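Inside the fold
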Amino acid sequence: MVRSPRVLAVGGAHIDRRGQVSGAYVPAASNPGTMREDVGGGVFNALRSTVRRGVSGSLLSVRGFLNTLLLGLLSIGIGIPI
């Protein structure tokens, strides 16, 4: 029987926060805009690419799992070993 490959990635997964001003930027003023949060980090990004190619992947990280981070991992098929 042929087993599918499995990868255990050890390293960081972070919350990337990005903001964008919706109009012209005015220095020293309150500028309206939008904020976006995504899961990122070097090991996470490499594992995400691997999982997208059909390999089963899990992430082991020393960082605490915030709800956003945990949901981001699970939504793309990355498991968390317990």
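Just above sits the structure.
An account of the accompanying structure is given in this report. A quick note: this is a predicted structure, and the numbers were derived from the prediction, not measured.

**Focus: the nonpolar core**
In terms of nonpolar packing, the biggest core is built from 11 residues, these being Ala9, Ala13, Ile15, Val39, Phe44, Leu47, Val51, Leu59, Leu69, Leu73 and Ile78. When residues of this core are traced back to their parent elements, those giving at least two are α1 (42–52) and α2 (67–75). In terms of residues, this core owes the most to one element, α1, which gives three residues.

**Observations concerning the pattern of salt bridges**
For the coordinates displayed, the defined rule picks out three salt bridges. Asp38 is paired through a salt bridge with Arg18; the nearest N and O atoms lie 2.9 Å apart. Here Asp38 is found in strand β3 (residues 33–40), whereas its partner Arg18 is found in strand β2 (residues 14–21), with 20 residues between them in sequence. Exposure remark for Asp38: the relative accessible area of 21% places this residue in the partly exposed category. With a closest N to O distance of 2.8 Å, Asp38 and Arg36 form a salt bridge. Overlapping salt bridges, with partners in common, bring together Arg18, Arg36 and Asp38 in one network.

**A short note on the environment of Gly72**
When you line up the elements, Gly72 lands in helix α2. For Gly72, a relative accessible area of 18% corresponds to the buried category. Distance from Gly72 to Asp38, taken between C-alpha atoms, is 7.7 Å for residues 34 residues apart in sequence.

**So, the environment of Leu47**
Inspection of the secondary structure puts Leu47 in helix α1. A sequence separation of 38 residues divides Leu47 from Ala9, and the C-alpha atoms of the two residues are 6.6 Å apart. Among all residues touching Leu47, those that are not within four sequence positions of it are Val7, Ala9, Gly57, Ser58, Leu59 and Ile78.

Rules used in this analysis
Residues numbered from 1 in each chain as written. Predicted model: local features only at pLDDT ≥ 70, side-chain atom pairs only at ≥ 80, totals over all residues. Heavy atoms only, no water. Core = buried A, V, L, I, M, F, W, Y, C linked by side-chain atoms within 4.5 Å. Buried < 20%, exposed > 50% of the residue type's maximum accessible area, 1.4 Å probe, protein only. Helix = DSSP H or I, 4+ residues; strand = E, 2+ residues; numbered from the N terminus. Salt bridge = Lys/Arg side-chain N within 4 Å of Asp/Glu carboxyl O. Contact = heavy atoms within 4.5 Å.

Any functional reading would require information beyond the geometric quantities listed.
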